[in-house]
Amino acid sequence: MPTNQTSGQVSNQTVHQNREQPLIQAQNVSRQYRLGEAIISAVNDVSLEIRAGEFVALLGSSGSGKSTFLNLLAGLDRPTSGAIHVRGRNLAAIDSMELARYRRDTVGMVFQSFNLLPRMTLEENVELPLRLAEVDRGEREGRVAAATGQQSCYNWRDGLHRWPAGRAAA
Ligand SMILES: Nc1ncnc2c1ncn2[C@@H]1O[C@H](COP(=O)(O)OP(=O)(O)OP(=O)(O)O)[C@@H](O)[C@H]1O
Ligand SMILES: [Mg+2]
């Protein structure tokens, strides 16, 4: 039996900012991790609504459950309890193939670290999700060039001059 219980700081907040139907709706979402005998309540009964066009920042001290909650919204993980509806569909209830499609087609993520695959060039890394989405080669080339070239709002090449070693720097 679990003996310890640690409570995260993200809890029971509901945001209503306008009257449109929410694009994302989290209802009483909890995520517990089991660590040996201990149960860690990383996300504890969180309710939140986000409408189209809204920008939302999730704030909290280290360990308060931000990444855990974002992983749930992004379909990388499933809640222990509660429901997450995106455009009216409950992510907790869809199968893993549909969840993969949701991550591929609907979610965009910027991770704290780049999470690039080291055996591929920068361009190949950027192209990979487009290949998985079966985007035509011609369109892929244009989109990769736009994302990695001068038009990009972020100078990837400066940021990634050492990654992957010797290939992305070309
Ligand atoms: N895979 C895991 N297994 C067990 N406990 C975990 C796991 N991932 C996170 N935790 C615990 O859950 C709690 C919330 O972690 P989380 O990473 O979501 O916090 P955070 O708010 O994103 O922190 P930071 O600001 O440091 O990124 C912490 O106590 C953490 O140790
Ligand atoms: Mg985090």
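Residues numbered from 1 in each chain as written. Chains lettered and ligands numbered in written order. Predicted model: local features only at pLDDT ≥ 70, side-chain atom pairs only at ≥ 80, totals over all residues.

Account for the overall build of the chain, with residues named and values stated.
Helix and strand counts for the chain come out as 5 helices and 5 strands. Shown N-terminal to C-terminal, the secondary structure of the chain runs as helices and strands in the order β-β-β-α-β-β-α-α-α-α. Sorting the 170 residues of the chain into buried and exposed places 16% on the buried side. Looking at the chain alone, contacts between residues at least 24 apart form 66% of all its contacts between residues at least 6 apart. (Helix = DSSP H or I, 4+ residues; strand = E, 2+ residues; numbered from the N terminus. Buried ≥ 20, exposed ≤ 12 C-beta atoms within 10 Å, placed from the backbone. Contact = placed C-beta atoms within 7 Å.)

Just give me the short version of the environment of T148, but keep the residues and values in it.
Its place among the elements puts T148 in helix α4 (residues 137-148). The class for T148 is buried, based on 21 C-beta atoms found within 10 Å. With 22 residues separating them along the chain, T148 and V126 place their C-alpha atoms 8.1 Å apart.

Before we move on, can you summarise unusual backbone geometry with the specific residues and values?
In this structure, N28 takes a positive phi of about 50° despite not being glycine. Mapped onto the secondary structure, N28 falls in strand β2 (residues 24-35). One non-glycine residue with positive phi stands out, namely D45, at about 60°.

Mind laying out the site of ligand 1, listing which residues take part and the relevant values?
Around ligand 1, the surrounding shell holds 13 residues, and the nearest of these are Y33, A42, S62, S67 and T68. The set of elements that each furnish at least two residues to the shell around ligand 1 consists of β2, β3 (38-50) and α1 (66-73). Residues that form the shell around ligand 1 fall into these classes: 4 nonpolar, 8 polar and 1 charged. (Near = placed C-beta within 6 Å. Nonpolar A, V, L, I, M, F, W, Y, C, P; charged D, E, K, R; others polar.)

Quick rundown of the pairing of β3? Include the residues and the values.
Two strands pair when backbone bridges link them, and β2 and β3 are joined in this way by 9 bridges, in the antiparallel orientation. Bridging across to β3, I24 finds its partner in I50. (Pairing = 2+ DSSP bridges.)

Tell me about the nonpolar core, and please be specific about residues and values.
Membership of the largest hydrophobic core is limited to 11 residues, which are A26, V29, A42, V43, V46, L48, F69, L72, I84, V86 and L91. Contributing elements (two or more residues each) for this core: β2, β3, α1 and β4 (81-86). Beyond its immediate stretch of four places on either side in the chain, L91 contacts G75, I84, V86, L99 and Y102. (Core = buried A, V, L, I, M, F, W, Y, C linked by C-beta atoms within 7 Å.)

For the confidence of the model for the chain, give the residues involved together with the corresponding values.
Summing up the model confidence of the chain, the mean pLDDT is 81 and the portion of residues at 70 or higher is 76%. Below pLDDT 50 for its whole length, residues 1-18 participates in 48 contacts with residues either more than four positions away or in separate chains. This model gives residues 165-170 a pLDDT under 50, and the stretch forms 6 contacts once residues within four places in sequence are excluded. (pLDDT = per-residue confidence, 0-100.)

Describe the pairing of β4, naming the residues involved and giving the relevant values.
Two elements, β2 and β4, share 5 bridges in a ladder whose sense is antiparallel. Directly across from A26, in β4, lies its bridge partner I84. Counting the residues that bridge the hairpin from β4 to strand β5 (residues 89-90) gives 2 residues, and of these R87 lies at a positive phi of roughly 50°.

Help me get a handle on α1, residues and values and all.
All of the buried residues in α1 are T68, F69 and L72. With its buried residues spanning 95° around the axis, α1 presents them on a single face. Packed against the buried residues of α1 are β2, β3 and β4. (Arc of directions from axis to C-beta.)

Pulling in residues and values, what's your account of the packing of helix α3 (residues 122-132) against α4?
Two elements in contact, α3 and α4, have axes separated by 10 Å at closest approach and are oriented at 130°. In terms of axis orientation, α3 runs oblique to α4. Our pair here, α3 against α4, has a crossing hand that is right-handed. In contact with L122, E123, V126, E127, L130 and R131 of α3, α4 contributes R140, R143, V144, A147 and T148. By residue class, the composition of the contact of α3 with α4 is 5 nonpolar, 1 polar and 5 charged. (Axes fitted to C-alpha atoms, helices over the stretch in contact; angles between N-to-C directions. Parallel < 35°, antiparallel > 145°, perpendicular 65-115°, else oblique. Left-handed = near helix turned anticlockwise from the far one by under 90°.)

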